[in-house]
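The chain contents come next:
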2 protein chains.
Amino acid sequence: MLPDQQFLRIPGPTPIPPSVQHAMNLPMIGHRDQETKDLLHSIKPKLKPVFGTNQEVLMIAGSGTAGLESAVVNAVQPGDEVLVIVTGAFGDRFAQICTEHQIATHRYDVKWGEAAEPEEIEKYLKSHPHIKAVFATLCETSTGVLNPVKELARVIRQHSDALFIVDGVSGVSGADVKMDEWEIDILITGSQKAMMLPPGLTFAAVSERAWKVIENNSRPSFYFDLAKYRDQLDNDSTPFTPALSLLFGLNQVLELMEQEGLEAVYSRHRQMMNMTRAAFKALDIPLLTSDESASPTVTAIKPDDFDPDALRKVLKKEFNLTVAGGQKHLKGSIFRIGHMGYCSPADILQTIGIIEVALNKIGKPAELGSGTRAAQEIMLSGGS
Amino acid sequence: MLPDQQFLRIPGPTPIPPSVQHAMNLPMIGHRDQETKDLLHSIKPKLKPVFGTNQEVLMIAGSGTAGLESAVVNAVQPGDEVLVIVTGAFGDRFAQICTEHQIATHRYDVKWGEAAEPEEIEKYLKSHPHIKAVFATLCETSTGVLNPVKELARVIRQHSDALFIVDGVSGVSGADVKMDEWEIDILITGSQKAMMLPPGLTFAAVSERAWKVIENNSRPSFYFDLAKYRDQLDNDSTPFTPALSLLFGLNQVLELMEQEGLEAVYSRHRQMMNMTRAAFKALDIPLLTSDESASPTVTAIKPDDFDPDALRKVLKKEFNLTVAGGQKHLKGSIFRIGHMGYCSPADILQTIGIIEVALNKIGKPAELGSGTRAAQEIMLSGGS
């Protein structure tokens, strides 16, 4: 096996483009110097279209969970009633954060592998008129489900005054999301997924409606006080020391996205999803989610006649290919392929090709080349 | 198309392993300081097995051609008679260098795509008793031929006193070569092929027999005077400023080779060759060379019903995949895939998968997945 080669196909962290890695190697600068102001000034306008918003997108040094907690502590207060739509491990995390902050947390649990149904949420909101915020996950990383956030936003706005707060961590910049048009109130993401950066940076965009609520809140956190980030960012600055290397990288990531074009970025992700799904269908290996609720950034496979962890072991040991296992109760019954960020249809061909060989190695008869062919057909037809 | 992604499958320069790239980013050191001595001291013993020699391997800042010229100017003098075995563009270059140095140059031309036959060279040497040196190419990059250097060395030693000088540029460290055991007198290579480094460094290993000849020569070159390199290297130094970043990288390259094991490195290259050849056979697209004379580092394909340059154009434009075209009279009639250095069987799967799609794009009907399957079968059987 070739040393020093890694094929990283987990749903984050994801591979870093060489020019981004290069940018992150730039020498440190003073975080209160003009260079940092210039850097933030350059980043700000380029971030907005990625979130589909005219609001400034706030940048916080921290992992995605820091972004989720900042949304919770800014938008709701202890004792407030909230609804958390739980479609997997990361919906569950949102609920845990709310509970730890003494928020009156209603959970709406959906079977893992399925998407939330807007009609059900509509019914729930009608019977619970005091809900102050609804939390949902755009792409549920643990199952590969893309929730219908646009439709959820519509029913929430129609049937309540609740803020709609969305965890976009493994979705934003891989899946099209239009925060302003869809009327999402807070949209969070992390750097290490479709944003093509290492972990360590989280993003929050906040609607006018949400700012009004936030300004009337007591804000129990010093570090997560979003208004501080907004006020400083208006002056091209940050309230606390920013993660400068990640910002160097972010500026280059946004250049690459502009170069490719955001619509092309989304189309590439849909094509990679379609290739991955077509390959496993051709190999007659079941997928966890339906086509309708499938995410363009991660695909979960639920084999019925082999052990996914045995496959993962061979992939890692013999081919340097890392795919993810299942989380919580799906541990041992699924595996997950990340296809987001710095990942191309050609990389998916390679992933499928390796998996076909590895399946035969673990004694699962899989027709060599058949999944590859199904994926190639989608490349040829330009299917996205 | 994903920006900032390049699949470089030409027969050099080749991709650089991340840990080597990282090593090359180390800060500069003084080239006469102890750090440089320590670096050369660390490199020296690790280079010998790659060349299959107990001689010190000399390092010269320059491209592969600098190495070839240094062999010529050190080992032969104006007026000497030499034989150059020309199996392609790089054999031709050796002949050109000899001619420019007023050496009486006999060419033994072999049809491009075929290997030299030791029996023919034996006959030639018997009828030309004054030949002082025979020049040959280990891997002829322009055709993907691996010449039978071991057998050539045997007939040369049996039937003449000529020095045997081998251009190992796209062969050494991808193909097994045993300089001492086979009795090669001078073996040259470059950094940018199977050595996994950027261009800019060339290597020369010299036998005891060759040193005796060199010491009696007038040496018309100042920079290429190999004895200077030998004398300085004995003291862990260099006669002129060394290409330090490349040496930082080289030290790491040699670590990676030790980690993988040289036999495993050669076996990986043979497997990649077998995968590539099996794929094109399955696709019914002719190869330029026979199985017997095929190189483990580069494969030339000679299609009979499509334009290779049309294919190359689509590969580059739509998939960021670069393969090489033909040189000299093979321009426009072949394309060449490099599979050496930092390249794995999984990378060959990807290359084949992309080519299958691209063939259909240029209107060449190729059964999707069929070449991939043939390559996968070799991965499964461990064929090398």
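- As recorded in an unreviewed UniProt entry, chain A goes by the name Class V aminotransferase, listed as coming from Lentibacillus amyloliquefaciens.
- You can read under Cofactor (unreviewed entry) in the UniProt record for chain A the words "pyridoxal 5'-phosphate".
- According to the UniProt record, the Sequence similarities (unreviewed entry) comment for chain A reads "Belongs to the class-V pyridoxal-phosphate-dependent aminotransferase family."

**What about the overall build of chain A?**
- If you tally the helices and strands in chain A, you get 14 helices and 14 strands.
- Against the 2.2 N^0.38 benchmark of 21 Å for 384 residues, chain A shows a C-alpha radius of gyration of 21 Å, consistent with a compact globule.
- When its C-alpha atoms are laid out on the principal axes, chain A stretches across 60 × 55 × 35 Å.
- A total of 384 residues make up chain A; the buried ones form 62% of that total.
- A separation threshold of at least 6 residues defines the contact pool for chain A, and within that pool the share at least 24 residues apart is 72%.
- Put simply, chain A shows about 13,900 Å² of open surface, and 50% of that area lies on carbon and sulfur atoms.
- Of note, chain A has its 37 positive side-chain charges centred 3 Å away from the centre of its 47 negative side-chain charges.

**Observations regarding the packing of helix H13 (residues 345–361) of chain B against helix H14 (residues 370–381) of chain B**
Residue and element names in this part refer to chain B.
- Relative to each other, H13 and H14 sit at 165 degrees, their axes nearing to 8 Å. Taken together, the axis directions place H13 and H14 in an arrangement best described as roughly antiparallel. The element H13 and its partner H14 pack so that their crossing is right-handed. Along the contact surface, H13 presents Pro345, Ala346, Leu349, Ile352, Gly353 and Glu356, while H14 presents Ser370, Gly371, Thr372, Ala375, Gln376 and Met379.
- Taken together, the residues of the contact of H13 with H14 break down into six nonpolar, five polar and one charged.

**What to know about the interface of chain B and chain A**
- Each partner contributes to the interface: chain B provides 39 residues, whereas chain A provides 39 residues.
- Summing the contributions of chain B and of chain A, the shared interface buries around 3,000 Å²; its carbon and sulfur component is 64%.
- When the area that chain B buries against chain A is broken down by residue, the three leading residues are Leu2, Asp4 and Leu380 of chain B, summing to 20%.
- If you look at where chain B meets chain A, you find zero salt bridges.
- In this assembly, chain B and chain A are joined by 18 residue pairs in polar contact (both at pLDDT 80 or more).
- Residue assignment for the side of chain B that touches chain A shows that the elements contributing at least two residues are helix H1 (18–24), helix H10 (244–260), H13 and H14 of chain B.
- At 10 residues, H13 of chain B tops the list of elements feeding residues into the side of chain B that touches chain A.
- The residue makeup of the side of chain B that touches chain A, split by class, is 18 nonpolar, 12 polar and nine charged.

**Some words on the relation of the copies chain B and chain A**
- For the match of chain B to chain A, the screw axis carries a shift of 0.0 Å, the RMSD comes to 0.0 Å, and the turn is 180 degrees. With respect to symmetry, the two chain copies, as superposed, fit the operation of a two-fold axis.
- Same-surface contact between copies: 100% of interface residues of chain B are shared with the interface of chain A.

**A word on the UniProt feature "binding site: substrate" (unreviewed entry) in chain A**
- The positions that UniProt labels "binding site: substrate" (unreviewed entry) are, in the present scheme, Arg336 of chain A.
- Setting aside anything within four residues of it in sequence, one finds Arg336 of chain A in contact with Arg9, Pro11, Thr141, Ser142, Val298, Thr299, Ala300, Val323, Ala324, Gly325, Gly326 and Gln327 of chain A.

**What to know about the sheet that holds strand S11 (residues 298–301) of chain A**
Residue and element names in this part refer to chain A.
- Across the sheet, three strands lie side by side as S11-S14-S13; this open sheet has antiparallel pairing. Either end of the sheet is taken by a strand with one partner, and the two such strands are S11 and strand S13 (324–325).
- Bridging between S11 and strand S14 (residues 335–338) involves four bridges; their strand directions are antiparallel. Note that in S14 the partner of Thr299 across the bridge is Ile337.

**Here we look at the sheet that holds strand S11 (residues 298–301) of chain B**
- Strand order in this open sheet of three strands is S11-S14-S13 (chain B), and the pairing throughout is antiparallel. Looking at which strands have only one partner, the edges of the open sheet turn out to be S11 and strand S13 (324–325) of chain B.

**So, the UniProt feature "domain: Aminotransferase class V" (unreviewed entry) in chain A**
- Here the UniProt-annotated "domain: Aminotransferase class V" (unreviewed entry) positions come out as residues 28–329 of chain A.
- Counting secondary structure, residues 28–329 of chain A comes out at 44% helix and 17% strand; the distance between its end C-alpha atoms is 44 Å.

**Details of the pattern of salt bridges**
- Summed over all chains, the structure comprises 44 salt bridges over all chains.
- Asp185 of chain A serves as the salt-bridge partner of Arg209 of chain A, at 3.0 Å between the closest nitrogen and oxygen. In this pair, Arg209 of chain A sits in helix H8 (residues 208–215) while Asp185 of chain A sits in the loop between helix H7 (179–182) and strand S9 (186–190), placing the two residues 24 residues apart along the sequence.
- Among the salt bridges present, the one from Asp291 of chain B reaches Arg277 of chain B, with a minimum N-O distance of 2.9 Å. Taken as a pair, Asp291 of chain B in the loop between helix H11 (262–282) and S11 and Arg277 of chain B in helix H11 lie far apart in primary sequence, 14 residues in all.
- Looking at Arg277 of chain B, the relative accessible area reads 4%, which means it is buried.

**Looking at the packing of aromatic side chains**
All names here are of chain A.
- Scanning the model with the defined rule gives 18 aromatic pairs over all chains in all.
- Aromatic pair Phe51 and Phe203: ring centres 6.2 Å apart, planes at 50 degrees, arrangement tilted. Of this pair, Phe51 sits in helix H2 (residues 34–51) while Phe203 sits in strand S10 (residues 201–206); the two residues are 152 residues apart in sequence, bridging distant segments of the chain. No difference in accessibility class separates Phe51 from Phe203, as the two residues are buried.
- Arranged with centres 5.6 Å apart and planes meeting at 40 degrees, the rings of Phe222 and Phe240 form a pair that is tilted. A residue pair is termed long-range when its members are at least 10 positions apart, and Phe222 in the loop between H8 and helix H9 (226–234) and Phe240 in the loop between H9 and helix H10 (244–260) qualify at 18 residues.
- Residue classification places Phe222 among the exposed residues on the basis of a relative accessible area of 62%.
- Taken together, the ring pairs connect Phe222, Tyr223, Phe224, Tyr229 and Phe240 into an aromatic cluster.

What counts and what doesn't
Residues numbered from 1 in each chain as written. Chains lettered and ligands numbered in written order. Predicted model: local features only at pLDDT ≥ 70, side-chain atom pairs only at ≥ 80, totals over all residues. Heavy atoms only, no water. UniProt positions renumbered as here; feature names shortened; annotations may be inferred. Helix = DSSP H or I, 4+ residues; strand = E, 2+ residues; numbered from the N terminus. Rg over C-alpha atoms; globule rule 2.2 N^0.38 Å. Buried < 20%, exposed > 50% of the residue type's maximum accessible area, 1.4 Å probe, protein only. Contact = heavy atoms within 4.5 Å. Areas by Shrake-Rupley, 256 points an atom, 1.4 Å probe, with all protein chains shown as cover. Lys, Arg positive; Asp, Glu negative; His and termini not counted. Charge placed at Lys NZ, Arg CZ, Asp CG, Glu CD. Axes fitted to C-alpha atoms, helices over the stretch in contact; angles between N-to-C directions. Parallel < 35°, antiparallel > 145°, perpendicular 65-115°, else oblique. Left-handed = near helix turned anticlockwise from the far one by under 90°. Nonpolar A, V, L, I, M, F, W, Y, C, P; charged D, E, K, R; others polar. Buried area = accessible area lost by both parts, 1.4 Å probe. Salt bridge = Lys/Arg side-chain N within 4 Å of Asp/Glu carboxyl O. Polar contact = N/O pair within 3.5 Å; in protein donor to acceptor, adjacent residues only side chain to side chain. Least-squares fit on C-alpha atoms with pLDDT ≥ 70 in both. Pairing = 2+ DSSP bridges. Phe/Tyr/Trp six-rings, centres within 6.5 Å; stacked < 30°, edge-to-face > 60°.

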